[in-house]
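Breakdown of the fold
This is what each chain is made of:
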Protein chains: 2
Amino acid sequence: MSRITMVGAGMMASALSVPLRYNGHQVRIVGTPLDEEIIARLKADSFHPTLKRRLPDGVEYYSCSQLETAMAGADLLIGGVSSFGVDWFMENIIPVIPDSLPVLSVTKGMQDQPDGTMLSYPELYRASTTRPISFNAIGGPCTSYELADMDPTEVTFCGWDSTLLRSLKSLFETPFYHISLSTDVRGVECAVALKNAYALAVSLAVGLSYVREGREFEHYNSQAALFGQSVREMQGLLTLCGEKASNLHLGVGDLYVTVFGGRTRKIGILLGEGVPYAEAMERLSGVTLESVVITERMARAVRRLDARGIARAADYPLLMHIDSLITGGQRVSIPWAEFEQETFV
Amino acid sequence: MSRITMVGAGMMASALSVPLRYNGHQVRIVGTPLDEEIIARLKADSFHPTLKRRLPDGVEYYSCSQLETAMAGADLLIGGVSSFGVDWFMENIIPVIPDSLPVLSVTKGMQDQPDGTMLSYPELYRASTTRPISFNAIGGPCTSYELADMDPTEVTFCGWDSTLLRSLKSLFETPFYHISLSTDVRGVECAVALKNAYALAVSLAVGLSYVREGREFEHYNSQAALFGQSVREMQGLLTLCGEKASNLHLGVGDLYVTVFGGRTRKIGILLGEGVPYAEAMERLSGVTLESVVITERMARAVRRLDARGIARAADYPLLMHIDSLITGGQRVSIPWAEFEQETFV
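Read on for an overview of the structure. (Residues numbered from 1 in each chain as written. Chains lettered and ligands numbered in written order. Predicted model: local features only at pLDDT ≥ 70, side-chain atom pairs only at ≥ 80, totals over all residues. Heavy atoms only, no water.)

1. Some thoughts on the overall build of chain A
Inclusion rule: Per the convention used, a helix needs a DSSP run of H or I reaching at least four residues, while a strand needs a run of E reaching at least two, with both numbered from the N terminus. Computation of the radius of gyration draws on C-alpha atoms, with the globule rule given as 2.2 Å multiplied by the number of residues to the power 0.38. Type-normalised accessible area, obtained with a 1.4 Å probe on protein chains alone, sets the label of each residue: buried when under 20%, exposed when over 50%, and partly exposed for intermediate values.
Within chain A, the secondary structure is distributed over 15 helices and 13 strands. Here the C-alpha atoms of chain A give a radius of gyration of 20 Å, agreeing with the 20 Å that 2.2 N^0.38 yields for 345 residues. Taken along the three principal axes of its C-alpha coordinates, chain A extends 60 × 45 × 35 Å. Taking all 345 residues of chain A together, the buried fraction comes to 63%.

2. Section: the relation of the copies chain B and chain A
A rotation about an axis combined with a shift along that same axis relates the two copies of the chain. We count it as follows: Here the copies are superposed with least squares, the fitted atoms being C-alpha atoms of residues at a pLDDT of at least 70 in both. Any two residues having at least one pair of non-hydrogen atoms within 4.5 Å are treated as being in contact.
Between the two copies, chain B and chain A, the superposition gives an RMSD of 0.0 Å; the rotation angle is 180° and the shift along the axis is 0.0 Å. Taken together, the rotation angle and the small translation identify this as a two-fold axis. Across chain B, the smallest distance between a C-alpha and the rotation axis is recorded for B:Tyr256, namely 4.0 Å. Comparing interface residues between copies, 100% of those in chain B also sit at the interface in chain A, which points to an isologous, same-surface contact.

3. Things to note about the packing of aromatic side chains
Put simply, the rule reads: Pairing of aromatic side chains requires ring centres within 6.5 Å, counting the rings of Phe and Tyr and the six-membered ring of Trp. Pairs whose planes differ by under 30 degrees are stacked, by over 60 edge-to-face, and all others tilted. By the criterion adopted, a ring carries a charge over it if an Arg CZ or a Lys NZ lies within 6 Å of its centre and within 35 degrees of its normal.
The final tally for this structure, using the stated rule, is 27 aromatic pairs over all chains. Measuring from centroid to centroid gives 5.0 Å for A:Tyr256 and A:Phe260, while their planes differ by 65°, and the two rings are edge-to-face. A:Phe260 shares its class with A:Tyr256; the two are buried. Counting every residue linked through ring pairs, the aromatic cluster contains A:Tyr220, A:Phe227, A:Tyr256, A:Phe260, B:Tyr220, B:Phe227, B:Tyr256 and B:Phe260. The ring of A:Trp160 carries the charged tip of A:Arg126 above its face, separated from the ring centre by 3.7 Å.

4. Notes on the interface of chain B and chain A
For clarity, the threshold we go by: When two components associate, each loses some accessible surface as probed by a 1.4 Å sphere; the sum of these losses over both components is called the buried area. In the sections that follow, a salt bridge refers to a side-chain nitrogen of Lys or Arg positioned within 4 Å of a carboxyl oxygen of Asp or Glu. Definition of a polar contact: a pair of N or O atoms within 3.5 Å, with one able to donate and the other able to accept a hydrogen when the atoms are protein atoms, and with sequence-neighbouring residues admitted only if both atoms are side-chain atoms. Classes in brief: Ala, Val, Leu, Ile, Met, Phe, Trp, Tyr, Cys and Pro nonpolar; Asp, Glu, Lys and Arg charged; the others, Gly included, polar. Strands were regarded as paired on the criterion that DSSP finds at least two bridges between them.
Each partner contributes residues to the interface: chain B has 57 residues there, and chain A has 57 residues. Interface area, chain B with chain A, both sides summed: about 5,000 Å², of which 57% is carbon and sulfur. If you look at where chain B meets chain A, you find 6 salt bridges. With its nearest N and O atoms 2.5 Å apart, the salt bridge here joins B:Arg166 to A:Glu342. Viewed at the interface, chain A and chain B are joined by 36 residue pairs in polar contact (both at pLDDT 80 or more). Residue contributions to the side of chain B that touches chain A peak at 10 residues, all from helix α9 (residues 221-241) of chain B. Looking at the side of chain B that touches chain A residue by residue, the classes come out as 24 nonpolar, 18 polar and 15 charged. Of the pairings in the sheet, the one linking strand β13 (residues 342-343) of chain A to strand β12 (residues 177-182) of chain B comprises 2 bridges and is parallel in character. Paired with A:Glu342 across the strands is B:Leu181, a residue of β12(B).

5. Focus on the pattern of salt bridges
In this structure the tally under the stated criterion is 36 salt bridges over all chains. Residues A:Arg28 and A:Glu60 are paired through a salt bridge, measuring 3.4 Å at the closest nitrogen-oxygen approach. Here A:Glu60 lies in strand β5 (residues 60-62) and A:Arg28 lies in strand β2 (residues 26-30), a separation of 32 residues in the sequence. Judged by its relative accessible area of 27%, A:Glu60 falls in the partly exposed class. The salt bridge partner of B:Arg312 is B:Asp315, with a shortest N-O separation of 2.9 Å. Owing to a relative accessible area of 51%, B:Arg312 belongs among the exposed residues under this scheme.

6. Here's the deal with helix α10 (residues 248-259) of chain B
Residues and elements named next belong to chain B. To keep things clear, this is the line we draw: What a helix should span is 1.5 Å times the count of its residues minus one.
Given a rise of 1.5 Å per residue, 12 residues ought to cover 16 Å, and the 16 Å separating the end C-alpha atoms of α10 matches this to within 8%. Extensive coverage of α10 is indicated by the burial of 12 of its 12 residues. Where α10 is concerned, the buried positions are Leu-248, His-249, Leu-250, Gly-251, Val-252, Gly-253, Asp-254, Leu-255, Tyr-256, Val-257, Thr-258 and Val-259.

7. As for the sheet that holds strand β1 (residues 3-7) of chain A
The test is simple: A fitted line through C-alpha atoms serves as each axis, taken over the contacting stretch for helices, and the angle formed by two N-to-C directions is quoted from 0 to 180°.
Spatially, β5(A)-β2(A)-β1(A)-β6(A)-β7(A)-β10(A)-β11(A)-β12(A)-β13(B) is the arrangement adopted by the 9 strands of the open sheet, whose pairing is mixed. Looking along the sheet, the strands with just one partner apiece sit at the ends: β5 of chain A together with β13 (342-343) of chain B. In this sheet, strand β6 (residues 76-79) of chain A lies alongside β1(A) in parallel orientation, the contact comprising 4 bridges. The residue bridging A:Ile4 from the neighbouring strand is A:Leu76, located in β6(A). Sheet contacts for helix α4 (residues 86-93) of chain A: β1, β6 and β7 (103-105) of chain A; angle to β1(A), the most-contacted strand, approximately 125°.

8. Digging into the nonpolar core
Soluble globular proteins: nonpolar side chains tend toward being buried together. Stated formally: What is meant by a nonpolar core is a set of buried Ala, Val, Leu, Ile, Met, Phe, Trp, Tyr and Cys residues, joined one to another through side-chain atoms within 4.5 Å.
In this structure, A:Phe227, A:Tyr256 and B:Tyr256 are the most contacted members of the largest nonpolar core, which totals 126 residues. When residues no more than four places from it in sequence are discounted, the contact partners of A:Phe227 are A:Val202, A:Val252, A:Leu255, A:Tyr256, A:Val259, B:Phe227, B:Val252 and B:Tyr256.

9. Brief notes about the environment of B:Gly236
Residue and element names in this part refer to chain B. Position of Gly-236 among the secondary structure elements: in helix α9. Taking the relative accessible area as the measure of exposure, Gly-236 reaches 22% and is therefore partly exposed. Between the C-alpha atom of Gly-236 and that of Leu-318, which follows or precedes it by 82 residues, the distance is 12 Å.

10. Some words on the sheet that holds strand β1 (residues 3-7) of chain B
Pairing is mixed across the open sheet formed by 9 strands, whose spatial order is β13(A)-β12(B)-β11(B)-β10(B)-β7(B)-β6(B)-β1(B)-β2(B)-β5(B). Only two strands of the sheet have a single partner each, and these edge strands are β13 of chain A together with β5 (60-62) of chain B.

11. Description of helix α13 (residues 290-307) of chain A
The α-helix winds at 3.6 residues per turn, so residues separated by three or four positions along the chain end up facing the same way. Residue and element names in this part refer to chain A. End to end, α13 covers 26 Å across 18 residues, agreeing with the expected 26 Å (1.5 Å per residue, within 8%). Within α13 the residues assigned to the buried category are Glu-290, Ser-291, Val-292, Val-293, Ile-294, Thr-295, Arg-297, Met-298, Ala-299, Ala-301, Val-302 and Leu-305. Two residues or fewer after α13 comes Gly-309, characterised by a positive phi angle close to 80°.

12. Brief notes about the pairing of β2(A)
Residue and element names in this part refer to chain A. The condition is simple: Seen with its strands pointing away from the viewer, a crossover is right-handed when the path leading from the first strand over the helix to the second is clockwise.
Among the 5 residues of β2, 5 are classified as buried, and the element is accordingly described as predominantly covered. One ladder, built from 5 bridges, connects β1 with β2; its direction is parallel. Paired with Thr-5 across the strands is Arg-28, a residue of β2. Following the chain from β1 across helix α1 (residues 11-22) to the adjacent parallel β2, one finds a crossover that is right-handed.

13. Comments concerning the packing of helix α8 (residues 185-213) of chain B against helix α11 (residues 262-272) of chain B
Between two packed helices, both the angle of their axes relative to each other and the distance between the axes serve to describe the pair. All names here are of chain B. What counts, and what does not: Note that the term roughly parallel is reserved for angles under 35 degrees, roughly antiparallel for angles over 145, roughly perpendicular for angles of 65 to 115, and oblique for everything else. Crossing chirality is assigned from the near helix's rotation relative to the far helix, an anticlockwise turn below a right angle marking it left-handed and a clockwise turn marking it right-handed.
Contact pair α8 / α11: the axes reach a minimum separation of 6 Å and the direction vectors enclose 45°. Relative to α11, the element α8 lies oblique. The chirality of how α8 crosses α11 is right-handed. Across the interface between the two elements, Asn-196, Ala-199, Leu-200, Ser-203, Leu-204, Val-206, Gly-207, Leu-208, Tyr-210 and Val-211 from α8 touch Thr-264, Arg-265, Ile-267, Gly-268, Ile-269, Leu-271 and Gly-272 from α11.

14. Quick word on the packing of helix α8 (residues 185-213) of chain A against helix α9 (residues 221-241) of chain A
Residues and elements named next belong to chain A. Two elements in contact, α8 and α9, have axes separated by 9 Å at closest approach and are oriented at 155°. Accordingly, the angle class assigned to the pair α8 and α9 is roughly antiparallel. As for how α8 packs across α9, the hand of that crossing is right-handed. From α8, Arg-186, Gly-187, Cys-190, Ala-191, Leu-194, Lys-195, Tyr-198, Ala-201, Val-202, Leu-204, Ala-205 and Val-206 reach across to α9, where they touch Ser-222, Gln-223, Leu-226, Phe-227, Ser-230, Glu-233, Met-234, Leu-237, Leu-238 and Cys-241. Here the contact of α8 with α9 is built from residues that sort into 15 nonpolar, 4 polar and 3 charged.

So, in structure tokens, the structure goes:
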């Protein structure tokens with residue numbers, strides 16, 4: 001039995017308590033300052049109000065002020081914040097993590113640098129401290145609901161220490177939670193971050209088809225066209241990001257699962273229906289949209305790399321289009337002609 | 001205006017009459033000996049009984065015995081047979097095609113050779129005759145229903161003559177039918193053929209989730225895991241097939257659209273529910289299953305390449321599993337552990 005402390009009571013971290021408790025580990029969930037209500041409810045009856053499931057018996061719940069108690073004797077700390085909580089995590093949590101306590105982060109996203117370089121959160125965490133804390137992360141297709149329901153799931157744990165990765169895997173591996181390992185941290189993180197941007201892009205086709213034919217019917221040719229274009233652009237962006245191994249299938253699997261549900265699909269459909277971004281965001285008020293963050297950052301990085309002669313923004317017409325919807329306030333108009341290729345070999 | 005003659009009144013060829021008539025071309029559809037009923041109905045009221053749509057006004061219909069009349073003055077011949085009609089097409093049609101009449105084929109599939117080499121149908125057609133007929137093919141994500149409904153669609157025309165490809169594109173391109181071009185015939189054809197095998201594989205997860213939780217609910221984590229694994233194996237198989245350009249996104253877009261409908265999904269769900277292959281085929285009697293054909297052929301090719309030391313069958317655990325269901329009569333049991341990777345770079 002190991003002791004795992006989670007910081008952040010979001011859906012994904014909370015769902016990880018399912019494989020961990022299945023394996024008999026001790027699990028402590030510490031809410032961020034934004035999680036007070038969730039923690040109060042979990043303490044009352046183990047029901048997670050946004051995950052909409054009871055967490056397993058035996059999980060212990062702590063408020064943020066009890067962080068030190070919750071970390072005492074822990075073998076692993078799970079960083080369970082969304083990308084909107086990354087700064088808070090770096091300022092408030094990393095400084096108090098013991099050197100010997102490894103971190104496994106569920107946060108998906110990348111941060112662009114002024115020169116167009118994209119950095120993963122484990123890289124940012126590592127750069128934020130001089131102490132030798134081991135930062136690792138989980139990537140791959142996994143919705144929190146379905147992990148909580150024990151639907152068979154395959155993810156990838158990434159980090160720089162292959163021995164530690166194997167030991168992390170031994171904590172989590174169950175008959176319904178399967179784990180690959182990779183030391184290509186940036187490649188894995190880039191692949192799974194990109195899927196949020198492109199899931200929004202594919203969902204545009206759903207909205208466009210609703211406008212043409214009503215909401216009862218969903219067309220797939222146009223979704224598949226945008227899905228294929230997404231795969232092509234993701235392949236290029238992974239290379240631009242400097243991945244070391246081939247991680248495309250991780251991002252594509254994750255893209256597949258993200259198209260089918262949740263907030264990214266909702267915003268994509270609204271934008272596809274021609275709703276301007278500002279109004280779409282109003283309608284979805286209160287939701288955190290990783291897809292919007294990564295789209296803006298990745299598009300900005302591509303433009304900077306284009307200016308430096310390292311990339312061609314024209315190679316990413318779908319990314320540029322969704323960025324124009326989000327940051328430029330434009331209305332949807334899929335640039336079909338720009339997707340057409342001539343490949344004469 | 002050009003004159004296009006189609007041989008085969010199947011759903012995909014018939015749906016191509018929509019962009020062609022949209023562009024004002026003359027379209028003649030010639031049924032194969034198996035299409036007599038379809039042609040009779042089309043002659044009566046333009047309704048295509050399996051496509052379940054009326055074809056555009058102005059399309060002309062011919063029975064197989066009128067082939068010569070229907071080909072007179074044609075600028076393009078569309079090969080509209082399924083992979084089950086390829087031999088018939090090579091024996092009966094190719095010998096009577098004039099040298100100067102280019103062929104555009106919609107047939108998806110590959111044929112394995114005794115040494116494990118996979119050949120595309122355009123390659124087989126070219127090898128079947130000494131005459132200089134230009135063989136070309138259409139790949140990419142496109143369901144016939146949605147093309148007939150003018151849902152925006154993106155496909156790739158492949159062939160060896162880039163000038164001819166551009167002229168073919170000019171016949172078909174419409175605001176709802178977008179066309180990329182490629183001279184990597186085998187790569188394009190392999191990518192889009194593979195999607196049939198892997199669409200069956202992804203659909204297994206749907207059946208498995210039905211068994212666990214009933215038919216009202218569909219899980220996506222497990223589908224996404226199989227989708228990601230499919231992408232990884234497709235990437236390897238494309239390399240094995242000897243693709244010259246990167247065609248993965250074509251196959252993946254096509255995989256996406258194929259998972260959502262039709263016969264391949266049906267057989268995959270049945271196999272996923274634990275129904276033995278023989279019984280599943282009985283339940284789906286009368287349907288042509290390209291997915292079964294390509295799975296058997298591709299798995300056999302991989303085993304032969306493995307025996308020759310060129311490939312490792314263990315790198316394709318999902319393909320090997322669906323082949324064991326089809327040719328070995330085994331029951332579904334997803335080899336999750338075999339999907340797990342260690343990528344230490």
